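# Structural overview for review
Each chain, written out:
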Amino acid sequence: MGATHDQQAHTSESSNIAQLKSILQRFIRVTNPQGRIITGELLCVDKQGNLVLGKAQEEVPKAEPRQMGMVLVPMHQQKNVELQVALGEKLEHLSLQ
Amino acid sequence: MEDRIGVSKVVGGSHMQGGGASYVPITGLLERVRQDLPLGEMVHTDTFSLFEAMSAVELGNVKMDAAMSGSCKSVEELIQEGAAPVEGLTPAQTLLIMERLLVMEASWHNGAALAQTVFASLYMLRPDRLRDNSPLLHAYCEGVKATCIAVRWLVMHGAVAEEEDINCWVQGLPIPDMPVPLPDARCLPLLDQATQSAKGLALLGLGLKSEGGVVGAVAHLTSAQARLQQVMGASPGLQQQQRSIADSQNGKDASGAASTQKEGQGCEAKQQQRQQQRQESAFDAPGFVENVNKYLLGPAPPRAAVVMSTEAAYAYLKSMLGHLQQATDVMHVRGYRALVQHIERFARLRAGVVARSAAHYLIAGKAWGPAMASATALRQATEAEGAAASGTPNNSSQPTPDNSKHRDQAASGDKDGSSANPAQDVPPPPWVLDRPIMSEACALPEAPGAAGPEADLFLDQIVIASSNWAQSMLLNSCRQRRRLRRGLDDWANIYQHALNADMSEEFVAFTKRAQWAWTPPKDEVEAMNEFYPGPLSTWVECQTAASEALHLLLGFELDLYQPSEYAMVYWYCSVLLGVQRITSQVMHSYRCPAGGASKASMALPAKPGKKGNKGRAATPPSPLPDASTARRQAGLIMDAVRTELLSSMCLGLVRLQLALKVAGIVPDPILTFNSQRERFDQRFAAFHTPPLVRPEPMGYGE
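Summary of the structure given here. (Residues numbered from 1 in each chain as written. Chains lettered and ligands numbered in written order. Predicted model: local features only at pLDDT ≥ 70, side-chain atom pairs only at ≥ 80, totals over all residues. Heavy atoms only, no water.)

## Some words on the pattern of salt bridges
Applying the stated criterion across every chain yields a total of 17 salt bridges over all chains. With a closest N to O distance of 3.4 Å, Asp 165 of chain B and Arg 356 of chain B form a salt bridge. One end of the pair, Asp 165 of chain B, is in the loop between α8 (135–158) and α9 (181–203); the other, Arg 356 of chain B, is in helix α15 (residues 353–363), with 191 residues separating them in the sequence. Of the two residues examined, Asp 165 of chain B and Arg 356 of chain B, each falls in the buried class. Between Arg 642 of chain B and Asp 639 of chain B there is a salt bridge whose closest N-O contact spans 4.0 Å. Of this pair, Arg 642 of chain B and Asp 639 of chain B both sit in helix α27 (residues 627–662), three residues apart, which is roughly one turn of the helix. The buried category is assigned to Asp 639 of chain B, whose relative accessible area is 15%. The structure contains a network of salt bridges with shared partners spanning Arg 36, Glu 58 and Arg 66 of chain A. (Salt bridge = Lys/Arg side-chain N within 4 Å of Asp/Glu carboxyl O. Helix = DSSP H or I, 4+ residues; strand = E, 2+ residues; numbered from the N terminus. Buried < 20%, exposed > 50% of the residue type's maximum accessible area, 1.4 Å probe, protein only.)

If you want it as structure tokens, here you go:
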């Protein structure tokens, strides 16, 4: 019984990581506590919650987006993290919340 | 993986904006993954590299994230809040803004970003607001903008600026790539008006802390713009422009004298107080907002903006004008030897990046071609339009002299002929590093094929090598030393070309026709045994030794050597200078006539008759060598004497170092990691590495 519970827990852990792996290289939008919005390709996530985004750009109000290249977003700068999806696949990704 | 790829195809893998983009929060997923991941593990893509991630910008880190600090308000919001008023600006405020812009411009020249200095002013970002309410400030802002455009263009085309010298990032700023032609013509009368207005304000004695300096500052700006115009102008008329610069310099001195006089009348105390003051707050003038352009600073975090003090800015601009003046002295240069001296003299000035860019732009061959022709046409059209607008007579038509007229009329600066079709290539001036000047340096004929294909190939190669050397000399000192070392590979390659040319039949036949005092080796075996196989290879060895010696001497300036190393560095310098001396003497002995002169012109003056031959009829004296050959020979002798003197000085310094070591003043170093021999080999490794074979490398035992 205990082993089955451990197997279930392991499977659950793998599913979270597997879900995350499924959205690697997808574009995500990060909003920091100061209201700055950064979008970029999700390249890496580590244990401390740091995100590494590629092809990142910052949305500047009333101006062209600012290209930033590769950006590391620490945990404390992540007020809100969202995955960019097409309208057709929005429903299937709601489970990622 | 397949599912991810399939999803990526649906999304399109790009920043979707507007319709079609939707977002799903994944904060919860990230939190769960954070808890599930073992310590030290990451979830990443297959191509992710920690090495590349080292260069990622950390969001929220002030040192890396340029947009982190400062206000988030836009320019329009700041203007609406009254950060940059245009109505009711007092003369004191106007002068303060003008002075601060001048300081900001000087700060930009010295490494600060344009967006953090000049364009930290809301007036510079929105100058049209000033047109009706403050024409003086509007004219000044237009002038500053024009000079920034011109300086950036000059720096980009001068090809000697490095990222540590100046920041040329202008994305989002109203700075086009090409200099705008019309403001050059419009700004000068506006600046004159501004100068007169500023003088009037100064005479009113308004008690401003920048009262006396503003007049001089505006005059500085005017003369700086005139000098920049000269540098970007065509080769014809450079002397005329130099005269106009001298006039503007006199005007600057006069305005400076007037401002000094005015300061003496009533502002002495304030002047002293200002001199004793520490660096003012850089953004205390109206309209200056420190981080207004934080989103325009580019992905790489720029250095913190270091704004100069007013006095430092004035001193820099004054020195820059002086250096620009010296850069334009190149027009008096005739011959490669004189050009080398000019470049070495200018390099010792350690001028700023603007002056160095101007100096290199003037001597670089690419500056005098189709680009120059189009710039010439543009400038002439601009001046014609400006003259028509102002009603003054147009003096802009400059002649386009032929190559032959360059050589014959260079000293007199004669200008004749009308302006030819400006769309054609403008012939390069005689000081440009191109085939004519290099053929004169090596006493080769300028016409292709006259000395054989190997000699032609050698000539083409030394044009490139010399151009690279000139560019290296006009970099900042750190880069200069490194580039000189890396240029040794070029000289090694050139040496092989020189050997091939020396041994070629066509070149040997040419030297016989021109009656050079050089006996070529009979075959390759004999050539290998000769210490100096040929005139071209000897010339290359001389240039290589000079480059190596300069590389070593720059190490003292950059404080790269320990005192215990001085002796061996000076010793190697003396060896290299000795090589220069010997090669100069050898080249002098070849008696190479410049440009294939006739037989009669190559004979040296006859020696006076001996005592025993008084009774014989005196032989007619041989004709003197032509001027260019005599100049070349004299130059070689002077080089030999100079290098002998320098070599003796270096040997004296070696003896001094050894004496200090014997006296115990300079102790022996404690070498923990390597021996003295190893340090010697490391210090001079660049001189010993193939393919460089000449000058012959010195060993530690020697």
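## Remarks on the packing of aromatic side chains
Tallying each qualifying case throughout the model produces 18 aromatic pairs over all chains. Aromatic side chains Phe 507 of chain B and Trp 516 of chain B sit 5.7 Å apart centroid to centroid with 90° between the ring planes, which places their arrangement in the edge-to-face category. Given a relative accessible area of 0%, Phe 507 of chain B falls into the buried group. Classification of Trp 516 of chain B as buried rests on a relative accessible area of 6%. With centroids separated by 5.4 Å and ring planes inclined at 55°, the aromatic side chains of Tyr 572 of chain B and Phe 687 of chain B adopt a geometry described as tilted. Of this pair, Tyr 572 of chain B sits in helix α25 (residues 566–590) while Phe 687 of chain B sits in helix α29 (residues 685–688); the two residues are 115 residues apart in sequence, bridging distant segments of the chain. On the accessibility criterion, Phe 687 of chain B (2% relative accessible area) is buried. Aromatic ring contacts, followed pair by pair, group Phe 507, Phe 510, Trp 516, Trp 518 and Tyr 590 of chain B into a single cluster. The lysine or arginine in question, Arg 29 of chain A, covers the ring of Tyr 23 of chain B, its NZ or CZ lying 3.7 Å from the ring centre. (Phe/Tyr/Trp six-rings, centres within 6.5 Å; stacked < 30°, edge-to-face > 60°. Lys NZ or Arg CZ within 6 Å of the ring centre and 35° of its normal.)

## Details of the packing of helix α5 (residues 91–109) of chain B against α8 of chain B
Residues and elements named next belong to chain B. Close contact between α5 and α8 brings their axes to 10 Å; oriented N to C, the two are set at 5°. Classed by the angle they form, the pair α5 and α8 counts as roughly parallel. The segment α5 lies against α8, with Thr 94, Ile 97, Met 98, Leu 101, Leu 102, Glu 105, Trp 108 and His 109 engaging Leu 136, Leu 137, Tyr 140, Cys 141, Val 144, Thr 147, Cys 148, Val 151 and Arg 152. (Axes fitted to C-alpha atoms, helices over the stretch in contact; angles between N-to-C directions. Parallel < 35°, antiparallel > 145°, perpendicular 65-115°, else oblique. Contact = heavy atoms within 4.5 Å.)

## Describing the pairing of strand β3 (residues 51–59) of chain A
Side chains on a regular strand alternate between the two faces of the sheet. Residue and element names in this part refer to chain A. In terms of burial, β3 is a largely internal element, seven of the nine residues being buried. Where strand β2 (residues 37–46) meets β3, seven bridges bridge the pair, whose relative direction is antiparallel. Residue pairing for β3: Cys 44 is matched across the bridge by Val 52. Hairpin geometry of β2 and β3 is characterised by an intervening segment of four residues between the two adjacent antiparallel strands and by a positive phi of about 85° at Gly 49. Between β3 and strand β4 (residues 66–73), which pair antiparallel one after the other, the connecting turn spans six residues, and Lys 62 there sits at a positive phi close to 60°. (Pairing = 2+ DSSP bridges.)

## Structural notes on α15 of chain B
Within α15 of chain B, eleven of the eleven residues are buried, which leaves it mostly tucked inside the rest of the structure. Along α15 of chain B, the positions that sit buried rather than exposed are Val 353, Val 354, Ala 355, Arg 356, Ser 357, Ala 358, Ala 359, His 360, Tyr 361, Leu 362 and Ile 363 of chain B.

## Re the interface of chain A and chain B
Every contact between the two is made by 60 residues of chain A and, on the other side, 52 residues of chain B. Interface area, chain A with chain B, both sides summed: about 5300 Å², of which 62% is carbon and sulfur. Three residues, Lys 47, Arg 66 and Gln 84 of chain A, lead the burial of chain A against chain B; their summed loss comes to 14% of the area buried on that side. Applying the counting criterion to the chain A and chain B interface returns zero salt bridges. Counting every contact that joins chain A to chain B gives 15 residue pairs in polar contact (both at pLDDT 80 or more). Residue assignment for the side of chain A that touches chain B shows that the elements contributing at least two residues are α1 (2–22), β1 (27–31), β2, β3, β4, β5 (80–85) and α2 (90–93) of chain A. (Buried area = accessible area lost by both parts, 1.4 Å probe. Polar contact = N/O pair within 3.5 Å; in protein donor to acceptor, adjacent residues only side chain to side chain.)

## What to know about the side chain of Thr 94 of chain B
Residues and elements named next belong to chain B. Checked against the element boundaries, Thr 94 lands in helix α5. With a relative accessible area of 6%, Thr 94 lands in the buried category. Discounting chain neighbours no more than four positions away, the residues touching Thr 94 are Leu 89, Leu 136 and Leu 137.

## A short note on the nonpolar core
A general trend in soluble globular proteins is that nonpolar side chains are found buried together. If you look at the biggest cluster of nonpolar residues, it comprises 121 residues, and the most contacted ones within it are Phe 458 and Trp 539 of chain B. For this core, the element with the most residues is α8 of chain B, which contributes eleven residues. Not counting chain neighbours up to four residues away, the residues in contact with Trp 539 of chain B comprise Tyr 336, Met 438, Ala 441, Cys 442, Phe 458, Ile 462, Ser 466, Trp 491 and Met 587 of chain B. The next biggest cluster of nonpolar side chains, apart from the first, holds 27 residues, and it includes Ile 23, Val 73 and Val 81 of chain A together with Leu 29 of chain B. (Core = buried A, V, L, I, M, F, W, Y, C linked by side-chain atoms within 4.5 Å.)

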